[in-house]
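Take a look at the letters that make up each chain.
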Amino acid sequence: MCTVCGCAESGDQSHAHHHEHAHSHEHAHSHAHPHDHEHTHPHHHGHSHSHEHAHSHSHDHEHAHAHSHEHAHGDSHDHAHPHDHAQVHGPAGHATEVSLDCGAGPAGVEVAGMSQRRLVEIETNILARNDAIAEGNRQRLEADGVLALNLVSSPGSGKTTLLVDTIRRLGAEGMAVIEGDQQTANDARRIRETGVPALQVNTGKGCHLDASMVERALPQVSPPGLGLLFIENVGNLVCPAGFDLGEDAKVVILSVTEGEDKPLKYPHMFAAASLMLLSKVDLAPHVDFDMDACEAYARRINPELEILRLSATSGEGMDAWLDWIDARREALRQRALSRARQHLAMLEQR
């Protein structure tokens, strides 16, 4: 179970119901009566009926949910009235904005029937196991001199198109791709057409790649001389943020065809990323998107985040993207040299 978003990772799974509970009240009476309902959440209403026998009762609630009350009366005055307590009405009858924060607990998510403490335990266990495998992946990749970049975004940001153009510019030699999708091998086929080996990883109902998937994929896409590995994650700005794959860096891609406030809506992804690529900038004149505001939002979440604007279609910004990759590869080489010197110094001291 992946408690980052409340969904299951494999097997039979169901998404968390993000509410406390839902129920209905049924009252059967042989006579009609006046009654009032008083709620501590923002909705107040009353009903009054005049009949031969009269008595009253009230319902007090301290939660926000939608339910209905059905009252059957002996005088055949049957009625049902639904109430939506996630909404209140102003003087003019217009809906007033309210919210229900189901991710405010320690686990950051709610799952029906499970306590916050248990959810935290499950997530801690899952992520600890994942991080241990990811560290093994990282050591293997760095020992082989492979720069691994984890490309993350929402669906439709242009990840595969960006990869195809990047391969075309860098050349296919010494490069490989791991493709993550729930179904199909469409993106892997597009990559293979460039001459680069690509392994498709289908996650089924899973919403992200994890370190064990990459661990199993590496032997199949790591030929001698491999220097650059791209991992194209499942289109999702939630779960991939919490799962280390053993990559050198996460690169989050955000297109101008999306909302500029995405960094504020999905802060964990932008906090985890080293680079944000603002893609499809060739479309900027045709869409309502404030690039400056988007970058400001992203840096509000992650002040250290590097940002590049580019378009794989027009070629704008692609040189800067390739330069960034080269800089990461050089940093990886320097780390490898430093480790080699340290190892040699240790041997000389023996």
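Predicted model, so just to flag it, every value in this text is computed and none were measured. (Residues numbered from 1 in each chain as written. Predicted model: local features only at pLDDT ≥ 70, side-chain atom pairs only at ≥ 80, totals over all residues. Heavy atoms only, no water.)

Visitor: Any details on the overall build of the protein? Residues and values, ideally.
Guide: If you tally the helices and strands in the protein, you get eight helices and 15 strands. For the protein, the proportion of its 350 residues judged to be buried stands at 43%. Residue pairs at least 24 apart in sequence account for 63% of intrachain contacts in the protein once pairs closer than 6 positions are excluded. Surface accessibility of the protein: about 18200 Å² in total, with carbon and sulfur atoms responsible for 49%. (Helix = DSSP H or I, 4+ residues; strand = E, 2+ residues; numbered from the N terminus. Buried < 20%, exposed > 50% of the residue type's maximum accessible area, 1.4 Å probe, protein only. Contact = heavy atoms within 4.5 Å. Areas by Shrake-Rupley, 256 points an atom, 1.4 Å probe, with all protein chains shown as cover.)

Visitor: I'd like a description of the sheet that holds strand β9 (residues 147–153), backed by residues and values.
Guide: Reading across from one edge, β11-β10-β12-β9-β13-β14-β15 is the order of the seven strands in this open sheet, with parallel pairing throughout. Only two strands of the sheet have a single neighbouring strand rather than two, namely β11 (198–202) and β15 (306–309). The mean inter-strand angle of the sheet, taken between neighbouring strand axes irrespective of direction, is 20°. Direction of pairing for strand β13 (residues 249–255) relative to strand β14 (residues 275–279): parallel, over a ladder of five bridges. (Pairing = 2+ DSSP bridges. Axes fitted to C-alpha atoms, helices over the stretch in contact; angles between N-to-C directions.)

Visitor: Give me the pattern of salt bridges: which residues, what numbers.
Guide: The full count for this structure, using the stated rule, is 16 salt bridges. Of the charged contacts in the structure, one is a salt bridge between Asp 248 and Arg 335, with a shortest N-O distance of 2.8 Å. Of this pair, Asp 248 sits in the loop between β12 (228–232) and β13 while Arg 335 sits in helix α8 (residues 318–349); the two residues are 87 residues apart in sequence, bridging distant segments of the chain. With relative accessibility at 21%, the residue Asp 248 sits in the partly exposed group. Under the relative-accessibility criterion, Arg 335 is labelled partly exposed at 31%. Connected through shared salt-bridge partners, Glu 142, Asp 248, Arg 328, Arg 335 and Arg 339 make up one network. (Salt bridge = Lys/Arg side-chain N within 4 Å of Asp/Glu carboxyl O.)

Visitor: Let's hear about the pairing of β14: which residues, and what values?
Guide: Within β14, five of the five residues are buried, leaving the element largely enclosed by the surrounding structure. Of the two faces of β14, the one holding Leu 275, Leu 277 and Ser 279 and the one holding Met 276 and Leu 278 are both buried throughout. Direction of pairing for β14 relative to β15: parallel, over a ladder of four bridges. Counterpart to Leu 278 in the pairing with β15 is Arg 309. Handedness of the crossover joining β14 and β15 through helix α7 (residues 291–301) is recorded here as right-handed. (Right-handed = clockwise from strand over helix to strand, strands pointing away.)

Visitor: Break down the side chain of Glu 295 for me, citing the residues and quoting the values.
Guide: Along the polypeptide, Glu 295 turns up in helix α7. For Glu 295, a relative accessible area of 14% translates into the label buried. Apart from the residues within four sequence positions on either side, Glu 295 is in contact with Met 276, Leu 278, Ile 307 and Arg 309.

Visitor: I'd like to hear about the packing of helix α1 (residues 116–143) against helix α4 (residues 211–221), residue by residue, with values.
Guide: Across the interface, α1 lies against α4 with an axial gap of 8 Å and an inter-helix angle of 30°. Relative to α4, the element α1 is oriented roughly parallel. Between α1 and α4 lies a crossing of left-handed hand. Here Asn 130, Ile 133, Ala 134, Asn 137, Arg 140 and Leu 141 of α1 come into contact with α4, specifically with Ala 211, Ser 212, Val 214, Glu 215, Leu 218 and Pro 219. (Parallel < 35°, antiparallel > 145°, perpendicular 65-115°, else oblique. Left-handed = near helix turned anticlockwise from the far one by under 90°.)

Visitor: Account for the pairing of β13, naming residues and giving values.
Guide: Looking along a regular strand, one sees the side chains alternate between the two faces of the sheet. Of all seven residues in β13, seven are buried; the element is thus mostly enclosed. With burial as the criterion, each face of β13 is covered, one bearing Ala 249, Val 251, Ile 253 and Ser 255 and the other bearing Lys 250, Val 252 and Leu 254.

Visitor: Got a sec to walk through α1? Specific residues and values, please.
Guide: Look at α1: 40 Å from first C-alpha to last across 28 residues, which is about the 40 Å you get at 1.5 Å a residue. For α1, the full list of buried residues reads Leu 119, Ile 122, Glu 123, Ile 126, Leu 127, Asn 130, Ala 134, Asn 137, Arg 138, Leu 141 and Glu 142. On its buried side, α1 packs onto β9, α4, β12 and α8. Two residues or fewer past α1, Gly 145 is found with a positive phi of approximately 70°. (Expected span 1.5 Å × (residues − 1).)

Visitor: Requested: an account of the confidence of the model for the protein, with residues and values cited.
Guide: Mean pLDDT for the protein: 79, with 73% of residues reaching 70 or above. Counted against residues more than four places away or in other chains, residues 8–89, with its pLDDT under 50, gives 154 contacts. (pLDDT = per-residue confidence, 0-100.)

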